[in-house]
Amino acid sequence: MEPTNRTTNGMARESGKGKTLLVKNADMLVTMDGARREIRGGGLYVEDNRIVAVGPTAELPSDADDVIDATGHLITPGLVNTHHHMYQSLTRALPAAQNAELFGWLTNLYKVWANLTPEMIEVSTLTAMAELLLSGCTTSSDHLYIYPNGSRLDDSIRAAQQIGMRFHASRGSMSVGQKDGGLPPDSVVEREDAILADTQRLIETYHDEGRYAMLRVVVAPCSPFSVSRDLMRESATLARHYGVSMHTHLAENVNDIAYSREKFGMTPAQYAEDLGWIGPDVWHAHCVQLDDHGIGLFGRTGTGVAHCPCSNMRLASGIAPVKKMRLAGVPVGLGVDGSASNDGAQMVAEARQAMLLARVGFGPDAMTAREALEIATLGGAKVLGRDDIGALAPGMAADFVAFDLRQPSFAGALHDPVAALVFCAPSQVALSVIGGRVVVKEGVLQTVELGPVIERHNALAARLVQAAR
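As the structure is a computational prediction, the values presented were derived from the model and not from experiment.

Q: I would appreciate a short explanation of the UniProt feature "domain: Amidohydrolase-related" (unreviewed entry) in the protein chain in the present structure.
A: UniProt's feature table lists "domain: Amidohydrolase-related" (unreviewed entry) at residues 75-439, given in the numbering used throughout. Each end of residues 75-439 is marked by a C-alpha atom, and these two atoms are 15 Å apart; helix forms 40% of the span and strand 16%.

Here it is, written out as structure tokens:
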């Protein structure tokens, strides 16, 4: 899939338009447009960072500055990851946290994460984003809620800008430590005035509200068991003043429900409603134990959910009622969650797991392959409050990926290559384009040299764990 340069006498240059890209001859192109078209022999035509035309190759312009022949490939919209903790890629599979539920898992890991440094945040973000990009993800949120030793969200943002990922950077926070009845140790919580001031700084410095934005900032107190009511309310006020999205964890497991009832006298959904944390500008991670009242509330108000099946299984949190949520009108996206509770960040694998887990919990028709792919694309876009990603159609951002169907893992499945992407073993991308820029080509990341990043990442991971001993 090597791009062919055709800059001489290219139609775009003659017409005064920006740089153009033509992708043609895909075995199958999944649009996720309003008609959910799947086009054999399809392609798309891009000017700068946006899609101009999508359809059968014969109906597209025949020339462009760059031309990619996608014969033998499946093209889909770029996948959208709605929940992650990228710094946790430094602490995968730690023995002390391998066999614990959520609260015990956090208790074991907080003392390790207390030793994070700015370099660790930046390098772990590069590593996590590389893993996501190679798995088909083009847009990701990251929920960074711990800031020891001078770490800042700017460290994550710098990594995203370097690697070229479309990024929703969530300014997380923890303000209620153990002495005040919270779960995190007092050494890793922040003052609430400092949290709000830094959140405002980040929004004013980085947030781009425009169409095709590569970087947006999200207001994201960590969870009901690590921040106060006041911080939740003040965070919502701040977010709505600036018109930015809001994100937190909610109803993750039965202990989470018990904490909410004991501490607040409410279910998590009632607590969220009481604090103003519902609406189309809000999405909550997990919601594994969201009750019928909460599902109805979220559906009526357009409150989103980030579904994280691998993490939910790893921590034995339960099976989220995704089908019931979607039937009630709840926007649902896919999230890999942190790499210490998933131990991976592979978006196709997450979509596959979402489908399989739904069937284990609710029957063989609980989720189809195409529904899983829709949650991973359009669903994620809606959860993040975007109407410019998640589908391949004129006017949408030029974010798309291609999978090579000639791999052994797809052999015998080409009668339905779209379903094969989800049913068969997870595949890495051959091509990834974000905003019209080729970020992965021939399966190789183009924006950073991965070898030195991974080597440094492993050295920092060893240092981080050693510092906690």
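After that view, the rundown keeps rolling.
Q: Whenever I open this one, a nonpolar patch on the surface confuses me. Can you help?
A: Taken together, the side chains of I319, V360 and F362 present a nonpolar region at the surface, about 280 Å² in accessible area. If you trace the backbone, F362 turns up in helix α12 (residues 347-362).

Q: Is there a simple way to think about the pattern of salt bridges in this case?
A: Taken as a whole and judged by the stated rule, the model has 27 salt bridges. K19 is the partner of D66 in a salt bridge, and the nearest nitrogen-oxygen pair spans 3.1 Å. Of this pair, D66 sits in strand β5 (residues 66-69) while K19 sits in the loop between α1 (11-15) and β2 (20-30), and the two are 47 residues apart along the sequence. Since its relative accessible area comes to 11%, D66 is described here as buried. You can call K19 partly exposed: its relative accessible area is 43%. Among the salt bridges present, the one from R92 reaches E131, with a minimum N-O distance of 2.9 Å. Of the two residues, R92 sits in the loop between β7 (79-81) and α2 (102-113) while E131 sits in helix α3 (residues 118-134), which places them 39 residues apart along the sequence.

Q: So what exactly am I meant to see when it comes to the packing of aromatic side chains here?
A: A ring pair, where both rings are aromatic, is described by two values, the distance of the centres and the angle of the planes. All told, the structure shown has eight aromatic pairs when counted by the stated rule. The interplanar angle of 90 degrees and the centroid separation of 5.1 Å between the aromatic rings of Y87 and W113 together place this pair among those described as edge-to-face. Note that Y87 is positioned in the loop between β7 and α2 and W113 in helix α2, a separation of 26 residues in sequence. Considered together, Y87 and W113 belong to a single accessibility category, that of buried residues. On the basis of an interplanar angle of 75 degrees and a centroid distance of 6.1 Å, the ring pair of Y259 and F264 is categorised as edge-to-face. In terms of burial, Y259 and F264 fall into one category: buried. Feature note: the residues Y87, W105, Y110, W113 and Y145 constitute an aromatic cluster, connected by ring pairs. The ring centre of Y147 lies 4.2 Å from the NZ or CZ of R171, which sits over that ring.

Basis of the calculations
Residues numbered from 1 in each chain as written. Predicted model: local features only at pLDDT ≥ 70, side-chain atom pairs only at ≥ 80, totals over all residues. Heavy atoms only, no water. UniProt positions renumbered as here; feature names shortened; annotations may be inferred. Helix = DSSP H or I, 4+ residues; strand = E, 2+ residues; numbered from the N terminus. Patch = residues over 30% accessible without salt bridge, like charges linked within 9 Å, V, L, I, M, F, W, Y side chains within 5 Å. Areas by Shrake-Rupley, 256 points an atom, 1.4 Å probe, with all protein chains shown as cover. Salt bridge = Lys/Arg side-chain N within 4 Å of Asp/Glu carboxyl O. Buried < 20%, exposed > 50% of the residue type's maximum accessible area, 1.4 Å probe, protein only. Phe/Tyr/Trp six-rings, centres within 6.5 Å; stacked < 30°, edge-to-face > 60°. Lys NZ or Arg CZ within 6 Å of the ring centre and 35° of its normal.

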